[in-house]
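Analysis of the macromolecular model
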Amino acid sequence: MIELSLNEVDALAARAARGAGFSWGLADDVGRAARLLAGEGADWSASLLALLERAPRLAPPGAREGAPLCPVRMAAYLNDASTETGALVLRDVALPVWFDALLKTEGLWRVETDLLAATADATLTRGASAAPPGARRASIWRSAYDALNALAARLYVPESDRSRTRGAGGSRVDED
Amino acid sequence: MTIAPRPPNVVMRLKRMGASHPTRLSFLRAQIRRVAGERWRFARARFELDDDGYGQAVYSLATPSRTYSLVAFSTRLDDSRRTDRVIADAWDTSFVLYDGLPDVAELTRLWANVPLQEAGRYTARELVLARANKSVRQFNAVIDALAKGDQPHREDLLRVGYLLRTTAVYGNGKFGVADRDEYAERPELSGPFQAEMLTVWLIRAFAFDLVEHIAARRNPAAARLDAGLRRALGVGNATGLGMAPYLVRHPVLVHNWYFARETALARVRSAPDAASDACEAFAAALAEFQARVALWRTQDPEQACAQDALVADLDLLSREAPRLLREAQPWDALYRFAEARCSLEGQEACVALLLEPHGALIDDLCETMSADERQGHRIDGGLTCGAMRALLGDVYGWANAIDFATPAANARFWYVSADKLEPRLGERFEEDGAELEQPLAVARDALALARVLADEDGRTPLAEFLARRPEWRHVARRAQTAARFPYAEIRDNLIAADMRPIDILRAKLAFFGARNFDPRSDRWLRITLFSGEPGIEEICASGRAA
């Protein structure tokens, strides 16, 4: 196990989400939710890998039928929208643990669902859920760490000779 | 008459930001005032170095409520491996700022990790991780002189300006060190970069001890380093591109820094008169500034020209200040004179000098310079697409002058290198990798979102648009933040062919309190921190800030 600071959790999760194809803004949301899950002591990394693996096949908000609902995109909509009120029932939300965490980051909705399920229905009511006592550090298995970093690495540009000399502004042994 | 703060369209331009000077609100100055005011106590808890200066040292700082320690490791480094680039893998000295006083078991753990820097792992007890290399030119020269009972050559030494030069200072959770959230509530570390500044100040004390120790081992009758030289020397720092995206990624923090400084300037300019002691303090600060500029060395032709202009500006200000300070709203008269007659370097130097005598009026603003970036996260999706478009026009109106269809305006792209995971700047039309561009082309993307929104029904809620088009989410979020925090954005094109990243770096470093800016290319520069400031051991002994 590797111990991580919560900022490392946030940054790693956001980069992995972006590497897996989420937009920059949604990836930032995922980073924040990962920090929240890690602070709750939840196993954020395994469920994140499952989420990122399934993400391309999940449905956006408003899709009529078929695939389970993408928790990231649906939570983003609910966090943004101020017009939605009252109670909502959503069918077949993928990785409900992430749906719950993403909504908790803004604290506008309370969610009832099966947090351990791969896909579950979710009932939402307006109002903040109580913030759990936060852990200040997180841990991650080496295999999950490597897998998330591999997704994050899709964002990196390999160095060329040109970028090595130009990109950072010159390399030499210091003479002062 | 109350003078308003200078508007963001004036302040947040790269050329002006790149002419920034440190002020009394800068983070290291704030730290010095706190340490003096609270009478912290400094002790060399361990100093276990061999004749060549290799080994470990622990310096402790007792605040009214806690103890912090600098843990220093000094190791042998082959000259050929000494590089300032972040790609280095070995350094002369390495450090952590430790929360408490480490016991032997903790020191053993730190010995096994700290010299490795990024390749080691750290815990929440470590607040800051840093390393520094020796000045090849001056480190041994100083030891040689001291060992002979002499003082080093003043001019040569001050031309370099430091004995140790940090090449990275990491905090806020990097490599496992404590998140800022862990200590942000502690008053002594709540201001921006206070833990980092404390670390650098302690490294400066270690550098002096290190040369004196080695000299004394060579010759027990060796000289101590002259107090005037100690005062003049800082800690060197080489700052590269890696720091530039930070300012773009922390819009609320940037707003708070600039808003505090501009509020301070507005308060001073609004003062109805100038007390005689404030006029004297201003004259003294100006004379000190002139002396410092005379020692400021750079190899960069553009910076050298700017410094020539600065010298002339400071002469002009010193001649005209006595007359201007007799006018109504004298400090405003002085500022307006500088604005009309001086270069950007001179104008920003004038800002720093105007703030200097006015601690009682402005120092409280230091308490407003931190930020919780999370307050910029929530997107108001109830806003209509029409209103969002209007908001973009308001916030990014300055960007309309940029034509991103021209190659020169769209010339660069920011990316993260696979080798060192560090920010880099590429040439869009000459290099591969532009499809992996980082979202730092703020102006271009804001204008593009405005165009896309023009095709939407203006009454559509933004939340619905973003649910369909999540690729615009970060742009909408940023624009809404910038609308609430007017100094949040650098109001220039960050991907232009002629953009100089060192302007961004200098802006940030001036807020730290850095001096002696010396650009080594358009993308990295040398500075010193704490040059001209008292030593931490002096301040702790006397309890007075100079």
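Nothing here was measured: the structure is a model prediction, and the numbers come from that model.

**Side note on the overall build of chain A**
Tallying secondary structure elements over chain A gives seven helices and six strands in all. Each helix and strand of chain A, ordered N terminal to C terminal, gives the series β-α-α-α-α-β-α-β-β-β-α-β-α. Residues counted as buried form 51% of the 176 residues belonging to chain A. When contacts within chain A are restricted to residue pairs at least 6 apart in sequence, long-range pairs at least 24 apart make up 64% of them. Surface exposure of chain A reaches about 7700 Å², of which carbon and sulfur atoms provide 52%.

**Considering the nonpolar core**
Membership of the largest hydrophobic core comes to 161 residues, with the highest contact counts inside it found for Phe206, Trp257, Tyr258 and Tyr396 of chain B. For this core, the element with the most residues is helix α8 (residues 194-218) of chain B, which contributes 15 residues. When sequence neighbours within four positions are dropped, the list of residues in contact with Phe206 of chain B reads Phe47, Leu49, Ala57, Tyr59, Leu70, Ala72, Ser74, Thr93, Phe95 and Leu164 of chain B. Formed by 53 residues, the second largest nonpolar core is a distinct cluster that contains Leu90, Ala101, Trp109 and Leu151 of chain A.

**Here's the deal with helix α20 (residues 473-484) of chain B**
All names here are of chain B. The end-to-end C-alpha distance of α20, which contains twelve residues, comes to 17 Å, matching closely the 16 Å that a straight helix rising 1.5 Å per residue would cover. With ten of twelve residues buried, α20 is to be regarded as a mostly interior element. Along α20, the residues that are buried comprise Arg473, His474, Val475, Ala476, Arg477, Arg478, Ala479, Gln480, Thr481 and Ala482.

**Things to note about the interface of chain B and chain A**
The accessible area lost on association of the parts is a frequent measure of interface size. Contacts between the two partners involve 71 residues from chain B and, on the opposite side, 47 residues from chain A. Both faces considered, chain B and chain A share a buried interface measuring about 4700 Å² in area, 45% of it formed by carbon and sulfur atoms. Its largest share of buried area at the contact with chain A, chain B owes to Arg85, Arg378 and Arg473 of chain B, together 13% of the area lost on that side. Here Arg473 of chain B makes a salt bridge to Asp80 of chain A, at a shortest N to O gap of 2.7 Å. Breaking the side of chain B that touches chain A down by element, the ones donating at least two residues are β6 (162-170), α7 (180-183), β8 (412-417), β9 (423-427), α19 (462-468) and α20 of chain B. A total of five residues in the side of chain B that touches chain A trace back to one element, the largest contributor, which is α19 of chain B. Note that strand β6 (residues 156-157) of chain A and β8 of chain B share two bridges and pair parallel. Within β8 of chain B, the position partnered with Tyr156 of chain A by the bridge is Val416 of chain B.

**Thoughts on the packing of aromatic side chains**
Aromatic rings considered in pairs are described by the distance between their centres and by the relative angle of their planes. Residues and elements named next belong to chain B. Applying the stated rule across the entire model yields 20 aromatic pairs over all chains. When the ring of Phe27 is compared with that of Phe512, the centres are 6.0 Å apart and the planes differ by 50°; the resulting orientation is tilted. One end of the pair, Phe27, is in helix α3 (residues 27-37); the other, Phe512, is in helix α21 (residues 501-512), and 485 residues separate them in sequence. Within the aromatic cluster, the residues linked to one another by ring pairs are Phe27, Phe193, Tyr246, Trp257, Tyr258, Phe511 and Phe512.

Rules and cut-offs
- Residues numbered from 1 in each chain as written.
- Chains lettered and ligands numbered in written order.
- Predicted model: local features only at pLDDT ≥ 70, side-chain atom pairs only at ≥ 80, totals over all residues.
- Heavy atoms only, no water.
- Helix = DSSP H or I, 4+ residues; strand = E, 2+ residues; numbered from the N terminus.
- Buried < 20%, exposed > 50% of the residue type's maximum accessible area, 1.4 Å probe, protein only.
- Contact = heavy atoms within 4.5 Å.
- Areas by Shrake-Rupley, 256 points an atom, 1.4 Å probe, with all protein chains shown as cover.
- Core = buried A, V, L, I, M, F, W, Y, C linked by side-chain atoms within 4.5 Å.
- Expected span 1.5 Å × (residues − 1).
- Buried area = accessible area lost by both parts, 1.4 Å probe.
- Salt bridge = Lys/Arg side-chain N within 4 Å of Asp/Glu carboxyl O.
- Pairing = 2+ DSSP bridges.
- Phe/Tyr/Trp six-rings, centres within 6.5 Å; stacked < 30°, edge-to-face > 60°.

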